[in-house]
Amino acid sequence: MKKIIKGVFFNFLIIVPFILITRVQALSVDNNNITIDNGKSANILLYANTNQDVSKVDFTLVFSSYDIEADFIVNDKYNDSISGTMHSITFDEAKSGKILLGTVSISVKSDPSELSGIVNIHSASARDNDDNVVNLNNQVINVSVNMITITTSTTTTSTTTTKT
């Protein structure tokens with residue numbers, strides 16, 4: 001009986017902190033699959049969803065092709081420290097719920113050699129007021145290119161002047 005009680009107690013000590021640390025916390029975007037015309041761009045909103053008060057969110061943003069590039073534009077309310085591909089967003093005061101972090105701006109070259117690519121937002125975490133790390137899930141945005149033919153037409157107009 002003592003072994004059973006010890007086993008239950010030991011499992012309780014392991015499981016409860018694990019549940020508290022790994023509560024579902026997430027990054028989210030409005031759209032994970034997008035089609036963009038060549039030579040055009042699109043914006044996708046990036047959110048942090050957490051039920052804990054957090055004061056900072058970190059993530060890395062990379063893209064798979066230079067034909068389809070992505071950049072992060074932080075929400076004007078927050079500060080973004082950038083180090084290479086790593087973004088570190090700090091809030092003036094702790095926040096919880098669905099927090100709009102900013103916009104992922106994706107642009108496609110006019111004459112791309114690749115017609116699909118991904119934007120990967122990974123290594124995401126948040127920090128609470130006690131400086132505890134809250135892990136956030138990754139987000140992948142799949143981008144397809146809709147090739148359109150860009151035609152330019154030039155119109156020539158002639159004017160004639162006559163003297164009388």
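These numbers come from a predicted model, not from an experiment.

### Points about the side chain of Asn 75
Within the element layout of this structure, Asn 75 appears in the loop between strand S4 (68-74) and strand S5 (79-83). A distance of 3.0 Å separates the side chain of Asn 75 from the backbone oxygen of Leu 100, its partner in a polar contact. Among all residues touching Asn 75, those that are not within four sequence positions of it are Leu 100, Leu 101 and Gly 102.

### Quick look at unusual backbone geometry
Positive phi outside glycine occurs at Ser 123, with the angle close to 55°. For Ser 123, the position within the fold is in strand S7 (residues 116-128). Taking the relative accessible area as the measure of exposure, Ser 123 reaches 43% and is therefore partly exposed. The phi angle at Asp 131 is positive, at roughly 65°, despite the residue not being glycine. Tracing the chain through its elements places Asp 131 in the loop between S7 and strand S8 (133-135).

### Section: the nonpolar core
Counting residues in each nonpolar core, the largest one holds 32 residues, and the members touching the most others are Phe 59, Leu 101, Val 104, Ile 106 and Ile 141. Taken together, the elements giving at least two residues each to this core come down to strand S1 (26-29), strand S2 (33-37), strand S3 (41-63), S4, strand S6 (86-108), S7 and strand S9 (139-146). At 8 residues, the largest contribution of residues to this core is made by S3. Setting aside anything within four residues of it in sequence, one finds Leu 101 in contact with Leu 27, Leu 46, Tyr 47, Ala 48, Val 57, Phe 59, Phe 72, Val 74, Asn 75, Tyr 78, Ile 89 and Phe 91.

Rules behind the numbers
Residue numbering note: each chain is counted from 1, following its sequence as written. Only residues with pLDDT of at least 70 are given local features in this predicted model, and only at 80 or more are side-chain atom pairs given and counted; all residues enter the totals for whole chains, interfaces and linings. The side-chain numbers reported here are obtained from all heavy atoms of the structure, hydrogens and water having been left aside. Starting at the N terminus, helices and strands are each numbered in turn, a helix being any DSSP run of H or I of at least four residues and a strand any DSSP run of E of at least two. Polar contacts, as used here, are pairs of N or O atoms within 3.5 Å; protein pairs need one atom able to donate a hydrogen and one able to accept it. Residues neighboring in sequence count only if both atoms are side-chain atoms. A contact between two residues is defined here by any heavy atoms of the two lying within 4.5 Å. Relative accessibility decides the category of a residue: with a 1.4 Å probe and only protein chains considered, values under 20% of the type maximum give buried, values over 50% give exposed, and everything between is partly exposed. Each nonpolar core is a collection of buried residues, namely Ala, Val, Leu, Ile, Met, Phe, Trp, Tyr and Cys, held together in the definition by side-chain atoms within 4.5 Å.

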